[in-house]
Amino acid sequence: MLRFAPSWALGLFVCVVCADDTAIEGFDDVGIVDITVGAFHACVLNHDGRSWCWAAEPHLIAQTNERLDTIVAGEWHTCGLTPDQRVVCWGSGEDLVTDAPVEGRFVEVCGADGFACAREQSGEVLCWGNGDSEYNGVPVTPRARPFAGPMKRLRCGSYGVCGVDEHDEDVCWFGPSGSDMTPPVPVVEFDWETHACGLTEVGEIVCWGDPEGSPELAAPPGVFRAIGVGFEFACALTPEGEIRCWGDAERASLEVAPPPGRFTRLAVGIYSACALREDGRVICWGHTGIDCVWGNDPIEGCRAIPDSIGEIYRPPT
């Protein structure tokens, strides 16, 4: 049985960090409670629902004046739930934003590559977006109603969406035909991109479903309490709050070891990751411009993580 851990991901509010990223005006204590990471952007949520995003591309930065209870990053967009259970989306792809559902009340939302899905109070799942992801050259566009019946939980990946139905059975809609993203053993939490990794009831890691049979599925032994999956790599959080990562070193800059210390939250994007340290600071690592640099050149229009929120981890030389 697949049961998902609660996923705050992030909440979004109006940006109060502009030219000066060293402080957030009007807030002595930001109070970060969660983080989320996409392909080229990341966001944090504080204790009263405000959030801040930083990104390599301007259109990925938060642009809503509404407070959100929940916010999640897709690869090129962000969606969230308002206190009155409406869905709000912004980011890349005009169709994704304009096609966000305006009717109904939603209790969960998840984002993928070019589409997003939300679960209504009734359990019915609705997906929308331009479906701009491809698998082996074939566009992957989700059905508006990917499941035959109501669902209890959702989790989006690049090419599909999985969940738990009313009979506690794992159900996945996966665009590439012939691929099965259903967990091979019962897990209590999982995350996926092009492959999936989850935690069993005792906290051990199991990975499955890489459609290309890549060898980067081998996970470290031991017990963990959170897990996140990127493109051909993954990271997990130990009960002591330490981070372990494995997979393709080039994809996630894993040649740069994860930051030391003790952390309470972990979020993994396509090529980078962020974690919330016990002292409330966010530490990010990886590449694809999350540090506003591509190679050795600064990225035009990029907004860096505010100093008052956290920093990019650069290990001592």
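The rules we used
In this numbering scheme, every chain counts its residues from 1 along its sequence in written order. Reporting of local features is limited, given that this is a predicted model, to residues whose pLDDT is at least 70; pairs of side-chain atoms are given and counted only at 80 or more, and all residues count toward the totals for whole chains, interfaces and linings. Processing note: side-chain calculations cover all non-hydrogen atoms of the structure and skip hydrogens and water entirely. Salt bridge, as used here, is a side-chain nitrogen of Lys or Arg placed within 4 Å of a carboxyl oxygen of Asp or Glu. Runs of H or I in DSSP of at least four residues are treated as helices and runs of E of at least two as strands, each being numbered from the N terminus. Exposure is judged per residue with a 1.4 Å probe applied to protein chains only, and the accessible area is read against the type maximum: over 50% gives exposed, under 20% gives buried, and values in between give partly exposed. Disulfides are defined in this document as cysteine sulfur pairs within 2.5 Å.

Asker: What is the right way to look at the pattern of salt bridges in this model?
Answerer: Once their charged atoms are close, side chains differing in charge can pair, the charge on each being opposite to the other. Summed over all chains, the structure comprises 10 salt bridges. Here Asp48 and Arg67 are joined by a salt bridge, their closest N and O atoms 4.0 Å apart. Of this pair, Asp48 sits in the loop between strand E2 (41-46) and strand E3 (51-55) while Arg67 is found in the loop between E3 and strand E4 (70-73), placing the two residues 19 residues apart along the sequence. Given a relative accessible area of 34%, Arg67 falls into the partly exposed group. Here Arg277 makes a salt bridge to Asp279, at a shortest N to O gap of 2.8 Å.

Asker: Help me out: how do you make sense of the state of the cysteines in this one?
Answerer: As enumerated under the stated definition, the model contains eight disulfides in all. Disulfide pairing is shown between Cys79 and Cys89; the S-S distance is 2.0 Å. Disulfide Cys79 to Cys89: torsion about the S-S bond roughly 105°, handedness right-handed. In this pair, Cys79 is assigned in strand E5 (residues 77-81) and Cys89 in strand E6 (residues 87-91), connecting sequence segments 10 residues apart. Here Cys79 falls in the buried class, since its relative accessible area comes to 0%. Note that Cys197 is cross-linked by a disulfide to Cys207, the S-S spacing being 2.0 Å. Taking the torsion about the S-S bond as the criterion, the Cys197 to Cys207 disulfide, at about 105°, is right-handed. Highlighted residues: Cys197 in strand E16 (residues 196-199) and Cys207 in strand E17 (residues 205-208), separated in sequence by 10 residues.

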